[in-house]
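# Structural features, examined
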Amino acid sequence: MSYLDHLSLDKKMASILDGEPFVLKKQKRLDFYLCSSIMSQQLSVKVAAVIKQRFLSLYDDKHPHPQQILETPFETLRGIGLSNAKVNYVQNVARFALEEGMDYKKLDKLSNEEVIAYLTQIKGVGRWTVEMLLMFAMAREDVFAIDDLGIQMAMKRLYRLDDADRKNFREKMLKISKKWAPYRTYACVHLWKWKDNGPAV
């Protein structure tokens, strides 16, 4: 059974599925993905793309090695449009990749929760950021981003949920999402597409 067939068992979810299946793609340079994700946070997709291109231009349009990032002057990174905090967070990722390791093969052996626990040790990397990495860099099919505002807005509208009681709202979201397992990542993708407010990844 394809993920579309499985998600179609939920009639409300079926109503927003289009015919084209979404394909998850692996990105082996997890450190670069995390850096890009941090740089794009709280920015429009258009602005995020400009800053990412400026970042790549510092390294001849190639994905930089963590050591190269650490050797780049703070002011140079500020100069491409990053805040002080984002420069620190990007450098934190690079330092962690060098000291602790962020090899794809190493992380691929871990469960979703183990990857989240491992990478959220980095200051500036939260659970949502790692969930996006699991979905769009590690191609994990069963990740549910419950804290994503776009997902919350979409589910509130599609399932007519009341979010006045936050705890009750989250419990209802989790209950609904269990029907989508083991394809919760795809459910999130279609909810974002439906609401047209997906993350800049």
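Now for a quick tour of the structure. (Residues numbered from 1 in each chain as written. Predicted model: local features only at pLDDT ≥ 70, side-chain atom pairs only at ≥ 80, totals over all residues. Heavy atoms only, no water.)

## Structural notes on the overall build of the protein chain
Looking only at helices and strands, the protein chain has 13 helices and zero strands in total. The order of helices and strands in the protein chain, counted from the N terminus, is α-α-α-α-α-α-α-α-α-α-α-α-α. Here the C-alpha radius of gyration of the protein chain, 18 Å, is about what a compact globule of 201 residues would show, namely 17 Å. Judged by the C-alpha coordinates and their principal axes, the protein chain covers about 55 × 35 × 30 Å. A burial count over the protein chain gives 46% of its 201 residues as buried. (Helix = DSSP H or I, 4+ residues; strand = E, 2+ residues; numbered from the N terminus. Rg over C-alpha atoms; globule rule 2.2 N^0.38 Å. Buried < 20%, exposed > 50% of the residue type's maximum accessible area, 1.4 Å probe, protein only.)

## Considerations on the side chain of Thr 129
For Thr 129, the position within the fold is in helix 10 (residues 127-136). Those residues in contact with Thr 129 that sit more than four places away from it in its chain are Leu 34, Ser 37 and Gln 41. (Contact = heavy atoms within 4.5 Å.)

## A look at a positive patch on the surface
On the surface, a cluster of positive charge is made up of Lys 26, Lys 28, Lys 105 and Lys 109. Inspection of the secondary structure assignment puts Lys 105 in helix 8 (residues 104-108). Residue classification places Lys 105 among the exposed residues on the basis of a relative accessible area of 65%. (Patch = residues over 30% accessible without salt bridge, like charges linked within 9 Å, V, L, I, M, F, W, Y side chains within 5 Å. Areas by Shrake-Rupley, 256 points an atom, 1.4 Å probe, with all protein chains shown as cover. Salt bridge = Lys/Arg side-chain N within 4 Å of Asp/Glu carboxyl O. Lys, Arg positive; Asp, Glu negative; His and termini not counted. Charge placed at Lys NZ, Arg CZ, Asp CG, Glu CD.)

## Some words on the side chain of Gln 91
The topology assignment puts Gln 91 in helix 7 (residues 84-99). With residues up to four places along the chain from it excluded, the contact list for Gln 91 reads Leu 70, Thr 72, Phe 74 and Leu 77.

## Concerning unusual backbone geometry
Following Ala 181, the chain continues to Pro 182 via a peptide bond in cis, the omega torsion being 5 degrees. The topology assignment puts Pro 182 in the loop between helix 12 (166-178) and helix 13 (184-195). For Gln 42, which is not glycine, the phi dihedral falls at a positive 65 degrees. With respect to the helices and strands, Gln 42 occurs in the loop between helix 3 (30-40) and helix 4 (45-57). Looking at Gln 42, the relative accessible area reads 82%, which means it is exposed.

## Topic: the packing of aromatic side chains
The tally for this structure, following the rule as stated, stands at ten aromatic pairs. Between the aromatic rings of Tyr 3 and Tyr 183, the centroid separation amounts to 6.5 Å while the plane-to-plane angle is 50 degrees, which identifies the pairing as tilted. Taken as a pair, Tyr 3 in helix 1 (residues 3-7) and Tyr 183 in the loop between helix 12 and helix 13 lie far apart in primary sequence, 180 residues in all. Of the two residues, Tyr 3 and Tyr 183, both sit in the buried class. Taken together through their ring pairs, the aromatic side chains of Tyr 3, Tyr 183 and Tyr 186 make up a single cluster. Directly above the ring of Tyr 104 sits Lys 28, whose terminal nitrogen or CZ lies 5.1 Å from the centroid. (Phe/Tyr/Trp six-rings, centres within 6.5 Å; stacked < 30°, edge-to-face > 60°. Lys NZ or Arg CZ within 6 Å of the ring centre and 35° of its normal.)

Limitation: the analysis is restricted to geometry and does not speak to function.
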